[in-house]
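# Commentary on secondary and tertiary structure
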Amino acid sequence: MSRLSRVRDLLAGRMDTALTEALAGQLRATKEGARLALAMVAGEIDNTGAHERMRTIEHLGDTQRARLVVALESVLITPIDREDLFRLSRAIDDVLDALRDFVRGAHLYRLPGQAGFTPLLDQVIAGIEALDEAVRALASKPSAAVGDALAAKKAGGAVRRMYQYEIARIFTGELTADKMKEGELARRLEIAGTAIAAAADAAAEGAMKR
């Protein structure tokens, strides 16, 4: 009976449970990584502790991505094209990788103050949360995912604009070693914003093809 129900759901255009859970798991790990980075810049956890914790979070995200790749090889029908699902998963992975690099850089650079990165991380988290809503919509009603995907892309664009303002600030006055380090860390978050926008495009394009 359960097998018949699964076939019925697939034929009805619903996302396979394994795909849903894998994407949701990736996004949970990515959101956890972003919140860890936010706690780090707020001084709630030191750079070394954040770096060690991020390795565990990255492993969780990689595990969920591997689950999705395996699921894509076995399911008969997917709610959106397999290529778009793969692009979506890959872009989410890129977001987590950028956050990992941000935390690692903060650990290595030992900057005295990091609170200035808070607004960028707030937008990164907003983008991840919008992606989570888009994935939930893909699982139940793909056409509803477009609006959430657009919200995610808007957040990703906001991160990139904020990065440009941050770079302009850094280049004002004497260019010290600490300012160069700040620029490199801000660049990591800009990459996260770009990846969020790419994930949003994959979700929206896949939903609109239906």
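Residues numbered from 1 in each chain as written. Predicted model: local features only at pLDDT ≥ 70, side-chain atom pairs only at ≥ 80, totals over all residues. Heavy atoms only, no water.

## Section: the overall build of the chain
Spelled out, the test is: Put simply, DSSP marks the helices as runs of H or I at least four residues long and the strands as runs of E at least two long, and each gets a number from the N terminus on. Only protein chains enter the accessibility calculation, which uses a 1.4 Å probe; a residue is then buried when its area is under 20% of its type maximum, exposed when over 50%, and partly exposed in between. Every residue pair with non-hydrogen atoms within 4.5 Å of one another is taken to be in contact. Here the Shrake-Rupley method, with its probe set to 1.4 Å, supplies the accessible areas, and only the displayed protein chains count as covering residues.
A count of helical and extended segments in the chain gives 7 helices and 0 strands. Starting at the N terminus and walking to the C terminus, you meet the elements of the chain as α-α-α-α-α-α-α. Put simply, the chain has 210 residues, and 50% of those count as buried. For the chain, long-range pairs separated by at least 24 residues make up 80% of all intrachain contacts whose partners lie at least 6 apart in sequence. Carbon and sulfur atoms provide 54% of the accessible area of the chain, an area that totals close to 10,300 Å².

## Topic: helix 2 (residues 17-41)
For clarity, the threshold we go by: To estimate how far a helix should reach, multiply one less than its number of residues by 1.5 Å.
With 25 residues, helix 2 should reach 36 Å at 1.5 Å per residue; the first-to-last C-alpha distance of 36 Å fits that figure. Immediately downstream of helix 2, the backbone of glycine 43 shows phi near 85 degrees, a positive value.

## Notes on the pattern of salt bridges
For the record, the criterion: Salt-bridge detection follows one rule: a side-chain nitrogen of Lys or Arg within 4 Å of a carboxyl oxygen of Asp or Glu.
On inspection of all chains with the given rule, the structure shows 17 salt bridges. Its salt-bridge partner being glutamate 21, residue arginine 67 comes within 3.2 Å of it at the nearest N-O pair. Linking arginine 67 in helix 3 (residues 47-74) with glutamate 21 in helix 2, this pair joins segments that are 46 residues apart in sequence. For glutamate 21, a relative accessible area of 40% translates into the label partly exposed. Between lysine 31 and aspartate 132 there is a salt bridge, with the nearest N and O atoms lying 4.0 Å from each other. Of this pair, lysine 31 sits in helix 2 while aspartate 132 sits in helix 5 (residues 118-140), and the two are 101 residues apart along the sequence. Judged on exposure class, the residue lysine 31 and its partner aspartate 132 are both buried.

## Some remarks on the side chain of glutamine 26
Counting through the fold element by element, glutamine 26 comes out in helix 2. In this structure glutamine 26 touches Gly61, Gln64, Arg65, Ser89, Ile92 and Asp93, once residues within four positions along its chain are discounted.

## Some details on the confidence of the model for the chain
Keep this limit in mind: Each residue carries a pLDDT value, the predictor's own confidence for that position, ranging from 0 to 100.
On average, residues of the chain score 88 in pLDDT, and 89% of them reach the 70 mark or higher. Here residues 1-15 is a poorly scored stretch, pLDDT under 50, and it has 15 contacts once near neighbours within four places are set aside; other chains count.

## Comments concerning the packing of aromatic side chains
Put simply, the rule is: Think of it this way: a Phe, Tyr or Trp ring, Trp meaning its six-membered ring, pairs with another when their centres are within 6.5 Å, and the plane angle makes it stacked under 30 degrees, edge-to-face over 60, tilted otherwise.
All chains considered together, the criterion is met by 1 aromatic pair. Look at phenylalanine 102 and phenylalanine 117: their rings are 5.3 Å apart centre to centre, the planes differ by 80 degrees, and that puts the pair in the edge-to-face class. Separated by 15 residues along the polypeptide, phenylalanine 102 in helix 4 (residues 82-109) and phenylalanine 117 in the loop between helix 4 and helix 5 bring together distant segments of the chain. For phenylalanine 117, a relative accessible area of 3% gives the class buried.

## Observations concerning the environment of aspartate 178
If you trace the backbone, aspartate 178 turns up in helix 7 (residues 177-208). The residues touching aspartate 178, leaving out its near neighbours within four places in the chain, are Leu111 and Pro112.

## Remarks on the nonpolar core
Basically, it comes down to this: What makes a nonpolar core is a set of buried Ala, Val, Leu, Ile, Met, Phe, Trp, Tyr and Cys residues whose side-chain atoms join them at distances within 4.5 Å.
Within the largest apolar cluster, 60 residues are counted, with the highest numbers of intra-cluster contacts made by Leu88, Leu99, Phe102, Val124 and Ile128. Those elements that provide at least two residues to this core are helix 2, helix 3, helix 4, helix 5, helix 6 (145-170) and helix 7. Per-element accounting of this core gives the leading share, 12 residues, to helix 7. Look past the residues within four positions of isoleucine 128 in its chain and what remains in contact with it is Leu27, Thr30, Lys31, Ala34, Val95, Leu99 and Ile196.

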